[in-house]
Amino acid sequence: MTMKILLENIRQLVQVEDKARTWVSGKEMGSLRVLEDAFLVIDDDQIETFGPMKDFNENLVEGADMVMEIDCAGKIVMPGYCDSHTHVVFPASREQEFVDRINGLTYEEIARRGGGILNSAKRMEQRSEDELFADAMVRLDEVKRMGTTAIEIKSGYGLSMESELKMLRVIKRLKANSPMIIKSTFLGAHALPVEYKADRQKYIKLLIEEMLPEIDREGLADYMDVFCDQGFFTVEETAQLLEAGWKYDLQPKIHANELGLTGGVQVGVKHQALSVDHLEHIGDDEIKALLASKTMPTVLPGAAFFLGMPLSPIREMIEAGLPIALASDYNPGSSPSGNMNFIQSLACIKYKMTPEEAINACTINSAYAMGVEKIAGTICSGKQANLFITRELPSYSAISYYFGANPVETVIINGEIY
Ligand SMILES: N=CN[C@@H](CCC(=O)O)C(=O)O
Ligand SMILES: [Zn+2]
């Protein structure tokens, strides 16, 4: 039986395009194509057509055995968020470190004492694949209810052959069991396990010579990540790892410039990274390198907010002509939230992005940052029917205005209603 879904009387249909674009950058980030009083037709799992209500006629839903009508009067319809940077497979929360930071310790001090990522790695050993899968499914459901329909998930809390593979196999199971678009990233170089302190190359060799071939054999990753930063992996080590990843066709998406001006952006760009993420420390050289690249600068406002870090100079980057993507960085240490509505609020309130820029950064640009811009990230006919309907709101700016709330009422993924 063929079914079409008709969304009618939509107050604002946001982020529409006639032809799929790659990304928006610079001044373009400030404009958003919006149809007022609109309709949208979904045919099976795809967006078929859309337009102003005055142009709607019954022929547009002809040919289907059944048409489901959804009245969207007073509501906003947007493409589902593409959250291009998360760590939603994790073994346990880390609220004790949150309390330690309130009492004066820094994130780096906690990490040096064996907390942070190493703390998660210790707990990862004790969690079974089934438990990790069940917990992550709950988190995916949580973010889906807040409008996320595509998500990138990293390993990186394993740091041993067994645990890294366990995390990646969990992500593979999530791909098979969740309706969301999921991309998987190998982040074995997230932190150096203490037992390799005296011989860093030994760990890097383990990643390159043992883990990568097995990951390739089982088809466990789409991308390759390294935490290239002060106290984590150097630029030289990052280059070595990214080159090794490319041998298995794993394009880099790296953590860079969170803790200092460390050269992470440049090494990412040099190795054709799809995205460089965090970017709390950005200078003229980083901007220049990014301008000459196809790498998406991705900012993670949740982490900067939660850890009280310096804010990325987003305005300066946009004014220089760069695109910006935003992601939640949902993880237990630096950003325990996957609410992309709140990410937009932070972007507007803290970074002075306009709502238009923030929406572009969470949809079309973040779709590019996870390699799904051809099928997601905008309302475009032929793209997957992945979108959400809000409760009644006066305009799309109210999504970031009502900070901390969840304006999403209905989510549609692949033409299925949730
Ligand atoms: N910065 C590196 N990695 C994660 C945090 C990991 C953690 O603290 O558990 C991030 O993106 O913020
Ligand atoms: Zn991260």
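Residues numbered from 1 in each chain as written. Chains lettered and ligands numbered in written order. Predicted model: local features only at pLDDT ≥ 70, side-chain atom pairs only at ≥ 80, totals over all residues.

Some details on the overall build of the protein
So, point 1. A tally of helices and strands in the protein yields 15 helices and 16 strands.
So, point 2. For 418 residues, the compact-globule formula gives about 22 Å, and the C-alpha radius of gyration of the protein, at 21 Å, lands near that figure.
So, point 3. Dimensions of the protein along its principal axes, counting C-alpha atoms only, are 70 × 45 × 40 Å.
So, point 4. Counting across all 418 residues of the protein, residues that qualify as buried make up 55%.
So, point 5. Long-range pairs, those at least 24 residues apart, make up 74% of the contacts in the protein with a sequence separation of at least 6. (Helix = DSSP H or I, 4+ residues; strand = E, 2+ residues; numbered from the N terminus. Rg over C-alpha atoms; globule rule 2.2 N^0.38 Å. Buried ≥ 20, exposed ≤ 12 C-beta atoms within 10 Å, placed from the backbone. Contact = placed C-beta atoms within 7 Å.)

Quick word on the UniProt feature "binding site: N-formimidoyl-L-glutamate" (unreviewed entry) in the protein
So, point 1. According to UniProt, the positions carrying the feature "binding site: N-formimidoyl-L-glutamate" (unreviewed entry) are Tyr-157, Asn-331 and Gly-333. Maximum C-alpha separation among the annotated residues is 11.0 Å over a sequence range of 177 residues, consistent with a single clustered spot.
So, point 2. Following the sequence through the fold, Asn-331 ends up in the loop between strand 13 (325–326) and helix 12 (340–351).
So, point 3. Once you skip the residues sitting within four places of it in the chain, Asn-331 turns out to touch His-87 and Phe-90.
So, point 4. Structurally, Gly-333 can be placed in the loop between strand 13 and helix 12.
So, point 5. For Gly-333, a count of 24 C-beta atoms within 10 Å translates into the label buried. (UniProt positions renumbered as here; feature names shortened; annotations may be inferred.)

What to know about the site of ligand 1
So, point 1. Surveying the vicinity of ligand 1 reveals the residues Gly-116, Ile-117, Ser-120, Phe-227, His-255, Glu-258, Ala-303, Asp-329, Asn-331, Pro-332, Gly-333 and Ser-334.
So, point 2. In terms of residue class, the shell around ligand 1 is built from four nonpolar, six polar and two charged. (Near = placed C-beta within 6 Å. Nonpolar A, V, L, I, M, F, W, Y, C, P; charged D, E, K, R; others polar.)

Some remarks on helix 3 (residues 117–126)
So, point 1. Of all the residues in helix 3, the buried ones are Ile-117, Leu-118, Asn-119, Ser-120, Ala-121 and Met-124.
So, point 2. Elements that come into contact with the buried residues of helix 3 comprise helix 2 (107–112) and helix 5 (161–177).

Quick word on the environment of Tyr-107
So, point 1. Within the fold, Tyr-107 resides in helix 2.
So, point 2. Overall, the presence of 21 C-beta atoms within 10 Å leaves Tyr-107 in the buried class.
So, point 3. Along the primary structure Tyr-107 and Met-124 are separated by 17 residues, whereas in three dimensions their C-alpha atoms are 20 Å apart.
So, point 4. Apart from residues no more than four positions distant in its own chain, Tyr-107 is found in contact with Arg-101, Gly-116, Leu-307 and Ser-334.

Focus on the domain arrangement of the protein
So, point 1. Taken domain by domain, the protein consists of domain 1 (3–79 + 378–417) and domain 2 (81–369).
So, point 2. Of note, the centres of domain 1 and domain 2, computed from C-alpha atoms alone, are 30 Å apart.
So, point 3. The interface is formed by 30 residues belonging to domain 1 together with 32 residues belonging to domain 2.
So, point 4. Residue assignment for the side of domain 1 that touches domain 2 shows that the elements contributing at least two residues are helix 15 (397–401) and strand 15 (408–413).
So, point 5. In the side of domain 1 that touches domain 2, the residues fall into 15 nonpolar, 13 polar and two charged. (Domains from an automatic or database assignment.)

What to know about the UniProt feature "binding site: 4-imidazolone-5-propanoate" (unreviewed entry) in the protein
So, point 1. In the numbering adopted here, UniProt assigns the feature "binding site: 4-imidazolone-5-propanoate" (unreviewed entry) to Arg-94, Tyr-157, His-190, Glu-258 and Ser-334.
So, point 2. Those residues in contact with Tyr-157 that sit more than four places away from it in its chain are His-87, Phe-90, Pro-91, Ile-117, Ser-120, Ala-121, Met-124 and Met-167.
So, point 3. Accessibility expressed as a C-beta count within 10 Å gives 26 for His-190, which makes it buried.

Regarding the nonpolar core
So, point 1. Grouped together as the largest cluster of nonpolar side chains are 133 residues, with contacts concentrated most on Leu-40, Val-77, Ile-324 and Leu-326.
So, point 2. The element best represented in this core is helix 12, accounting for seven residues.
So, point 3. Composition of this core by domain shows at least three residues from each of domain 1 (3–79 + 378–417) and domain 2 (81–369). (Core = buried A, V, L, I, M, F, W, Y, C linked by C-beta atoms within 7 Å.)

Some thoughts on the sheet that holds strand 13
So, point 1. Spatially, eight strands are ordered 6-7-8-9-10-11-12-13 in an open sheet, and the strand pairing comes out parallel. Looking at strand neighbours, the two that pair on one side only are strand 6 (81–83) and strand 13, the edges of this open sheet.
So, point 2. Both strand 8 (residues 181–189) and strand 9 (residues 223–228) contribute to a ladder of three bridges, which runs parallel. In the strand pairing of strand 9, Thr-185 is matched with Tyr-223.
So, point 3. Sitting on the sheet, helix 5 touches strand 7 (148–154) and strand 8, and the angle it makes with strand 8 is about 175 degrees. (Pairing = 2+ DSSP bridges. Axes fitted to C-alpha atoms, helices over the stretch in contact; angles between N-to-C directions.)

Examining the environment of Lys-183
So, point 1. Along the chain, Lys-183 falls in strand 8.
So, point 2. By C-beta crowding, Lys-183 is classed as buried, having 22 other C-beta atoms within 10 Å.
So, point 3. If near-sequence neighbours (up to four positions away) are discounted, Lys-183 is found in contact with Glu-152, Asp-222, Tyr-223, Met-370 and Gly-371.

Structural notes on the packing of helix 6 (residues 200–218) against helix 7 (residues 235–246)
So, point 1. Close contact between helix 6 and helix 7 brings their axes to 10 Å; oriented N to C, the two are set at 5 degrees. Here helix 7 runs roughly parallel to helix 6, going by the angle between their axes. Facing helix 6, whose interface residues are Ile-204, Leu-207, Ile-208 and Leu-212, helix 7 presents Glu-237, Gln-240, Leu-241, Ala-244 and Gly-245.
So, point 2. Here the residues of the contact of helix 6 with helix 7 are counted per class, giving six nonpolar, two polar and one charged. (Parallel < 35°, antiparallel > 145°, perpendicular 65-115°, else oblique.)

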